[in-house]
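Understanding the architecture of this molecule
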Amino acid sequence: MSATVKTLVNQPYKYGFVTNIEVETIPRGLNEDIIRLISAKKNEPEFMLEFRLRAYRQWQKMTEPNWSSVKYPAINYQNIIYYSAPKQKAKKQSLEEVDPKLLETFEKLGIPLSEQKRLANVAVDAIFDSVSIATTFKEKLAKEGVIFCSISEALQEHPELVKKYLGSVVPIADNYFAALNSAVFSDGSFVYVPKGVKCPMELSTYFRINNGETGQFERTLIIADQDSYVSYLEGCTAPMYDSNQLHAAVVELIALDNAEIKYSTVQNWYAGDENGKGGIYNFVTKRGLCQGVNSKISWTQVETGSAITWKYPSCVLVGDNSVGEFYSVALTNNMQQADTGTKMIHIGKNTRSTIISKGISAGKSSNSYRGLVKIGPKAEKARNYSVCDSMLIGDNARANTFPYIQVQNHTARVEHEASTSKIGEDQLFYLQARGISAEDAVKLMISGFCKDVFNHLPMEFAVEADKLLSLKLEGTVG
Amino acid sequence: MALGDGANTTKAPLQHQKIASKTQSTSRQNMIVDNSEVILSVRNLTAEVDGKPILKGVNLQVRSGEIHAIMGPNGSGKSTFAKILAGHPAYQVTGGEVIFQGQNLLEMEPEERATAGVFLAFQYPLEIPGVSNLDFLRVAYNSRRQAQGLEELDAFDFDELVEQKLELVKMDPAFLNRSVNEGFSGGEKKRNEILQMALLEPKLAILDETDSGLDIDALKIVANGVNQLASPYNATILITHYQRLLNYIEPDFVHVMANGKIISSGGKDLAKQLEERGYDWLLEEAATEVGV
């Protein structure tokens, strides 16, 4: 009956169901014809097709990066389906026209879209495989001048905004996966908050990969004009398949003078089974540009899913006095691999950045923090403060920290703290000896460990994230 | 030494009776009545860690209202004994039995033992980063309440309760908002242990080297806390290397543990003798008695 710290079977993945729905897919593989086909299906303006083709040509010249600490078999990019959409009327005027099966799917995921059941004060854009299904509270937001819609729709209704900003933060040839995304991205969310507007509600996109052989390549673009504020949330799940699915998204944020963007992610893609079979490859490029003076971009992420996570939400601090923040909890269990962190690029004067990263590794997983703090020659009095804490559960998990620091201005101040701890048998025993069960003790310790990050999540999400972590860790300590 | 096991087994309980009958006249001593409830009964307990025997046949009986001190040289097994009673997973019990209020303690999980009323004050209390002391105390307190079939106390009522208990250990309320034991001084950690004990009101409190690392003021605070919590309805086991603590907490029984066994038991005078003469004479005596 001894309660040693060891890995037991995991709680089954709750969102692993498949929705049976007729879909329209295009042939497997990737070439210029496929790209033209995707663009045509979406009835895109000419500049968009040009953008895609340029990206594709760049991508062909690039090689897959191998500098991270994640390992996976070679991906056959010709064996992926790059577009899949549920069959339904070309343009949906209201929710009644959306296939009830799709609404049901999102309801099952805890994201009710119908008028009566909507989440109070959270506007949701629901994306199923390659297309956006519905966006709630659109009219209410429009009254404030806030544009919140799928990027496909934005290309039709606001092409000038998309043209101006798309690729301005993450250029098409930025990296291998970003180039691929730029060539084939299917849908994603678009947000524009006009001058002086504080967005009256949380905006949220919920991504669902349903089709087993489809890659998901979404593209999100958020622009906060002068003196505006927006808080945006993103959630993701996928069914359980034995094979690996590729998810290569690009997110671009732009904050103009005095604007603030808060971007929160709770990522719960299917992580594969305990032997590492199946699961999502999550290769994502997220970058925010603090273009204006006094602007601020804050990333908060809770990464619990995916077989492999490879992402570094970054801030480019161009505007003087601009602020970048990165708060992250990355949890890996079983055979999961995560290589995640951030880049803070200080260009303007008095720019400040904060990095709080918490990695939790259980099972046989591997969890790496990789971060870059770069202070440019003109970044007078720039400041950075970084904390990277790792926690190990059991004896077979691994944690690494790779902080890179480049300072080219002598007035800058950069601080870095790092720690690695282990949920030890003794800590566990201490809590148990006070009457707290082993499971509750682990929850308590994990919540404590993640507190600095959860504090930055919107309320509902913080509770959700806490529960999610407990669920993920159920059975890791017994 | 193996030969000695049998001799000790029968001897220890006899000594208890003898001492109980010539009870001294301190106020709390009068709490003990011969027929008071047996809280803990340990018989021939043997245990090992990583295959290495540590306990080699421990016998002990503790009645309600009693304070027992277990003394002994380093490595004698006294801390191991304390941890085994609380259910530490690193130790394997290989024989004997432990009955706590009629229940087989050895079959219970550590948290079950705790909620049943066993409390171990740790020699080295652990730090739990990010978990506020207040949250930790409330979760622990409510676990005990739940086990007793009582309703959980809400945050407001709990705050009130904990404020009262703080007095006992003279702790600043600011401690409640700090992470559990994180950055606490040695004395603060020990006082935090006594605060937990005051909240959980255990039936059996085991204090493992609670005096180690304390300056005289902290020692007095801790001892005062323990004395105030001792009642005719509970019992205390003090594990200590030094006699110093016993100047402030007067034990009813003093046991000397050496090489995994209790080799001698007596009243508080035994502790004084140990202070003066050390442990060697007892070890020799024990060796002679069993004819080694």
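Since we're looking at a predicted model, the values are computed, not measured.

1. Comments concerning the overall build of chain A
The number of helices and strands found in chain A is 10 helices and 24 strands. Out of the 478 residues belonging to chain A, those deemed buried represent 55%. For chain A, restricting intrachain contacts to residue pairs at least 6 apart in sequence, the fraction spanning at least 24 positions comes to 83%.

2. As for the overall build of chain B
Within chain B one finds 9 helices and 12 strands. Intrachain contacts of chain B at a sequence separation of at least 6 include 72% that bridge at least 24 residues.

3. Digging into the packing of helix α6 (residues 186-200) of chain B against helix α7 (residues 216-229) of chain B
All names here are of chain B. Between α6 and α7, the shortest axis-to-axis distance is 10 Å and the interhelical angle comes to 10 degrees. It follows from the interaxial angle that α6 and α7 lie roughly parallel. From α6, Gly 187, Lys 190, Arg 191, Ile 194, Met 197 and Ala 198 reach across to α7, where they touch Ala 218, Ile 221, Val 222, Gly 225, Val 226 and Leu 229. For the contact of α6 with α7, the residue count by class is 8 nonpolar, 2 polar and 2 charged.

4. A word on the sheet that holds strand β10 (residues 235-240) of chain B
Residues and elements named next belong to chain B. One open sheet holds the 6 strands; their spatial order is β6-β9-β10-β3-β11-β12, and the pairing between them is mixed. The sheet is open, and its two edges are formed by β6 (118-121) and β12 (261-266), each paired on a single side. For this sheet, the mean angle separating the axes of adjacent strands, direction not counted, is 20 degrees. One ladder, built from 5 bridges, connects strand β11 (residues 253-258) with β12; its direction is antiparallel. Residue pairing in the sheet places Met 257 in a bridge with Ile 262 of β12. Sheet strands in contact with α6 are β6 and β9 (204-208), and its direction is about 170 degrees off that of β6.

5. Some details on the sheet that holds strand β5 (residues 103-104) of chain B
Residues and elements named next belong to chain B. The strand order β2-β1-β4-β5 describes an open sheet built from 4 strands, whose pairing is antiparallel. Edge positions in the sheet fall to β2 (52-63) and β5, since each of these pairs with one other strand and no more. Helix-sheet contacts for helix α2 (residues 78-86) involve β1 (38-49), β2 and β4 (92-100), and the interaxial angle to β2 is about 70 degrees.

6. Let's talk about the interface of chain A and chain B
Every contact between the two is made by 20 residues of chain A and, on the other side, 23 residues of chain B. Where the side of chain A that touches chain B is concerned, the elements lending two or more residues are α8 (425-432) and α9 (438-454) of chain A. The element that contributes the greatest number of residues to the side of chain A that touches chain B is α8(A), accounting for 6 residues.

7. Regarding α7(B)
Residues and elements named next belong to chain B. For α7, which comprises 14 residues, the first-to-last C-alpha distance of 20 Å matches the rise-based estimate of 20 Å (1.5 Å per residue) to within 8%. Buried within α7 are the following residues: Leu 219, Ile 221, Val 222, Ala 223, Gly 225 and Val 226. Those residues of α7 that are buried lie in contact with α5 (155-169), α6, β9 and β10.

8. A look at the environment of Thr265(A)
Residue and element names in this part refer to chain A. Inspection of the secondary structure puts Thr 265 in strand β12 (residues 260-267). Separated by 110 residues in the primary sequence, Thr 265 and Ile 375 have C-alpha atoms spaced 27 Å apart. Sequence-distant contacts of Thr 265, that is, excluding residues within four places in its chain, are made with Glu 234, Gln 301 and Val 302.

9. Some thoughts on the confidence of the model for chain B
Residue and element names in this part refer to chain B. Mean pLDDT for chain B: 85, with 87% of residues reaching 70 or above. Summarising per-element confidence for chain B, the mean pLDDT is lowest in helix α1 (residues 4-21) (39) and highest in β6 (97). Long-range and interchain partners of residues 1-27, a stretch whose pLDDT sits below 50, account for 32 contacts in this model, where long-range means more than four residues apart. In the predicted complex, the global pTM is 0.77; the interface-specific ipTM is 0.86.

10. Some details on the pairing of strand β22 (residues 383-392) of chain A
Regular strands show a simple pattern: their side chains alternate between the two faces of the sheet. Residue and element names in this part refer to chain A. In terms of burial, β22 is a largely internal element, 7 of the 10 residues being buried. Two elements, β22 and strand β24 (residues 413-422), share 10 bridges in a ladder whose sense is parallel. By the bridge assignment, Met 391 is partnered in β24 with Ser 421.

11. Remarks on the pairing of strand β13 (residues 279-290) of chain A
Residues and elements named next belong to chain A. Among the 12 residues that make up β13, 12 are buried, leaving the element largely enclosed by the rest of the structure. Strand direction decides the pairing type here: strand β10 (residues 244-247) and β13, joined by 4 bridges, are parallel. When the bridges of β13 are listed, Leu 246 appears paired with Tyr 281. With 6 bridges joining them, strand β11 (residues 250-255) and β13 adopt parallel strand pairing. Within β13, the position partnered with Ile 254 by the bridge is Leu 289. Where β13 lies against strand β15 (residues 308-311), 4 bridges are found, and the strand directions are parallel. Bridge pairing in β15 links Val 284 to Lys 311. Where β13 and strand β16 (residues 314-317) come together, 4 bridges link them in parallel fashion.

12. A word on α9(A)
All names here are of chain A. The terminal C-alpha atoms of α9 lie 22 Å apart, and with 17 residues this matches the ideal 24 Å at 1.5 Å per residue to within 8%. Most pronounced at Gly 448, the bend in α9 amounts to some 35 degrees. Along α9, the residues classified as buried are Ala 441, Val 442, Lys 443, Leu 444, Met 445, Ile 446, Phe 449, Cys 450, Val 453 and Phe 454.

13. With respect to the environment of Ser421(A)
Residues and elements named next belong to chain A. Position of Ser 421 relative to the elements: it lies in strand β24. We classify Ser 421 as partly exposed; it has 15 C-beta atoms within 10 Å. For the pair Ser 421 and Thr 304, spaced 117 residues apart in sequence, the C-alpha to C-alpha distance is 19 Å.

14. Things to note about unusual backbone geometry
The phi torsion at Asn350(A) lies on the positive side, around 50 degrees, for a residue other than glycine. The class for Asn350(A) is partly exposed, based on 19 C-beta atoms found within 10 Å. We note that Glu201(B) has phi near 40 degrees; this positive angle belongs to a residue other than glycine. Here Glu201(B) lies in the loop between α6 and β9.

Here is what the cut-offs are and how they apply
- Residues numbered from 1 in each chain as written.
- Chains lettered and ligands numbered in written order.
- Predicted model: local features only at pLDDT ≥ 70, side-chain atom pairs only at ≥ 80, totals over all residues.
- Helix = DSSP H or I, 4+ residues; strand = E, 2+ residues; numbered from the N terminus.
- Buried ≥ 20, exposed ≤ 12 C-beta atoms within 10 Å, placed from the backbone.
- Contact = placed C-beta atoms within 7 Å.
- Axes fitted to C-alpha atoms, helices over the stretch in contact; angles between N-to-C directions.
- Parallel < 35°, antiparallel > 145°, perpendicular 65-115°, else oblique.
- Nonpolar A, V, L, I, M, F, W, Y, C, P; charged D, E, K, R; others polar.
- Pairing = 2+ DSSP bridges.
- Expected span 1.5 Å × (residues − 1).
- pLDDT = per-residue confidence, 0-100.
- Bend = angle between axes of the 7 residues up to and from the residue.

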